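# Report on the structure
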Amino acid sequence: MFVNKNEKSSKKELAIFGARPLYSEPLHVGCPNIGNKDVLFERLNDILERKWLTNNGKYVQEFESGIQVITGAKHCIAMTNGTIALEILIRATGLTGEVIVPSFTFAATPHALQWQGITPIFCDLDPATHNIDEKKIEELITPKTSGIIGVHIWGRPCNTKQLSSIAEKHNLKLIYDAAHAFGCSLNGKMIGNFGEAEIFSFHATKFLNAFEGGAVVTNNSELAEKIRLMKNFGFGPGFDNVVHVGTNGKMTEVSAAMGITSLESMNDFIAVNKKNYEFYQRGLAGISGVKLLSYSENDKNNYQYVILEIDAALAGLSRDVLIKILHADNILARRYFHPGCHRIEPYKSSSPNTYLRLTETEALTRKVLCLPTGTAVSEIDISRICDQIRLAVDCSEDIKRSMY
Ligand code: T4K
């Protein structure tokens with residue numbers, strides 16, 4: 001059941017708009033896209049009939065081939081989820097000591113390092129892109145630094161050229177957390193082909209899901225081979241033949257069946273997301289202090305993230321007040337990635353002053369807002385959401401005017 005944690009304060013905002021929330025059922029960010037259910041059920045039935053449930057089954061192999069075709073990369077190794085894929089990739093590339101990562105990302109990025117005794121060193125972001133600010137990386141490099149992890153936030157690619165040249169100059173490994181960026185490209189090259197390797201997430205909330213799922217994609221055959229061993233306890237060919245240290249990162253057949261079914265509808269999902277994004281663009285046009293993040297028309301995007309920046313001074317209300325107003329209407333907008341990884345544990349305690357040098361991250365985490373999209377969201381929903389945002393900003397202006 002949905003529990004509104006802000007119930008008390010929400011009641012105040014409800015008074016602005018009326019007694020009842022706009023939606024009786026919550027409208028979520030991250031509501032999964034579901035492909036053809038009948039085809040999925042056929043596949044699930046086939047899995048049960050064939051009695052091959054996991055361990056590199058037919059559907060996992062088919063899913064991996066599908067990802068290879070879309071990315072054009074030589075190798076895809078499907079895994080349990082994006083976090084495990086990142087952890088295994090970090091280990092396979094031999095990262096140690098300190099690794100430079102953006103603070104503006106999901107907890108999984110630094111945790112995948114910390115989990116393995118590697119210290120994430122947080123770098124500030126570029127406010128124009130929300131990605132790691134490559135101009136601030138070199139000042140963080142120490143003798144302990146072994147690598148850089150770029151994160152293509154919202155599916156918008158990092159400055160891969162600059163990151164490569166820094167990594168090369170300082171002899172560092174460069175990998176990407178591309179959890180948001182499946183189906184995206186940079187200058188015509190698909191994400192999945194940058195750095196030593198990239199990881200994708202196929203979690204339920206991603207535009208293309210496998211219930212839970214992830215993958216490492218790379219053009220490095222040696223690395224791919226190592227990762228294949230590592231995700232399967234280090235088992236080599238034949239029986240009882242352990243040739244490497246490893247863990248269990250294997251994707252199940254059920255997840256792969258969902259992944260393949262999602263791949264078949266991938267273009268439809270992107271088309272819906274793009275249409276939704278354009279509705280938002282029109283609906284939010286001209287609202288003071290409300291900026292919708294844009295996507296490059298020259299590249300492929302999955303449009304999975306509808307991201308606003310709320311300038312409190314111009315809008316007359318803060319991002320947090322706006323969120324309360326939307327939540328009061330059961331529009332469950334999210335504050336991704338608040339408060340920034342440098343302010344979550346264990347990083348907050350181990351390095352309490354990091355916030356002093358992450359000025360752009362500090363500013364962005366106070367104003368960013370993620371709105372619902374995907375196949376579960378209609379044009380009418382979007383128009384209502386935009387109307388509520390416009391009304392909230394208008395009301396704030398009226399209140400301000402009436403005070404002077
Ligand atoms: N790197 C980056 C940059 C990432 O963003 C992520 C994951 C990863 C790495 C790691 O990949 P995975 O190991 O997850 O494959 C969600 C997702 O759980 C997480 O996958 C995602 N990023 C992150 C951005 O969002 P939460 O804590 O926000 O999840 P939760 O439970 O609050 O759900 C999010 C929204 O989705 C809610 O509004 C409810 C809705 N939802 C969720 C699920 C699971 C549904 O409507 N249906 C569902 O089945 O982390």
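Residues numbered from 1 in each chain as written. Predicted model: local features only at pLDDT ≥ 70, side-chain atom pairs only at ≥ 80, totals over all residues. Heavy atoms only, no water.

A word on the sheet that holds strand β14 (residues 368-371). Across the sheet, which stays open at both edges, the three strands sit in the order β11-β12-β14 with antiparallel pairing between neighbours. With one partner strand each, in any of the chains shown, β11 (290-292) and β14 form the two edges of the open sheet. On average, each strand axis in the sheet is inclined to that of its neighbour by 30 degrees, with strand direction left out of account. One ladder, built from four bridges, connects strand β12 (residues 306-310) with β14; its direction is antiparallel. Looking across to β14, one finds that glutamate 309 is bridged to valine 368. (Pairing = 2+ DSSP bridges. Helix = DSSP H or I, 4+ residues; strand = E, 2+ residues; numbered from the N terminus. Axes fitted to C-alpha atoms, helices over the stretch in contact; angles between N-to-C directions.)

Here the bond from histidine 338 into proline 339 is cis, since omega is 5 degrees, no more than 30 degrees from zero. Residue placement: proline 339 occurs in the loop between β13 (331-332) and α12 (347-350). Notably, histidine 130 is not glycine yet its phi reads approximately 70 degrees, a positive angle. With respect to the helices, strands and loops of the structure, histidine 130 is situated in the loop between β4 (119-123) and β5 (145-151). On the basis of relative accessibility, which here comes to 1%, the residue histidine 130 falls in the buried class. (Buried < 20%, exposed > 50% of the residue type's maximum accessible area, 1.4 Å probe, protein only.)

On to helix α6 (residues 160-169). Listed as buried for α6 are Thr160, Leu163, Ile166 and Ala167. Burial along α6 is one-sided: seen end-on, the buried residues are contained in an arc of 130 degrees. Of the exposed residues in α6, the ones pointing more than 90 degrees away from its buried face are Lys161, Glu168 and Lys169. Turning to α6, the residues buried within the fold contact β5, β6 (173-177) and β7 (185-186). Phi for asparagine 171, located one or two positions after α6, is positive at around 55 degrees. (Arc of directions from axis to C-beta. Contact = heavy atoms within 4.5 Å.)

Of note, asparagine 301 is situated in the loop between β11 and β12. A relative accessible area of 6% means that asparagine 301 is categorised as buried. Distance in space between the C-alpha atoms of asparagine 301 and glycine 155 is 6.8 Å, their sequence separation being 146 residues. Those residues in contact with asparagine 301, other than ones at most four positions away along the chain, are Gly183, Cys184, Ile270, Tyr295 and Ser296. A polar contact of 2.9 Å, which involves the side chain of asparagine 301, links it to the backbone oxygen of serine 296. Side-chain polar atoms of asparagine 301 contact the backbone oxygen of aspartate 299, separated by 3.3 Å. (Polar contact = N/O pair within 3.5 Å; in protein donor to acceptor, adjacent residues only side chain to side chain.)

Functional significance is not addressed by these values, which are geometric in nature.
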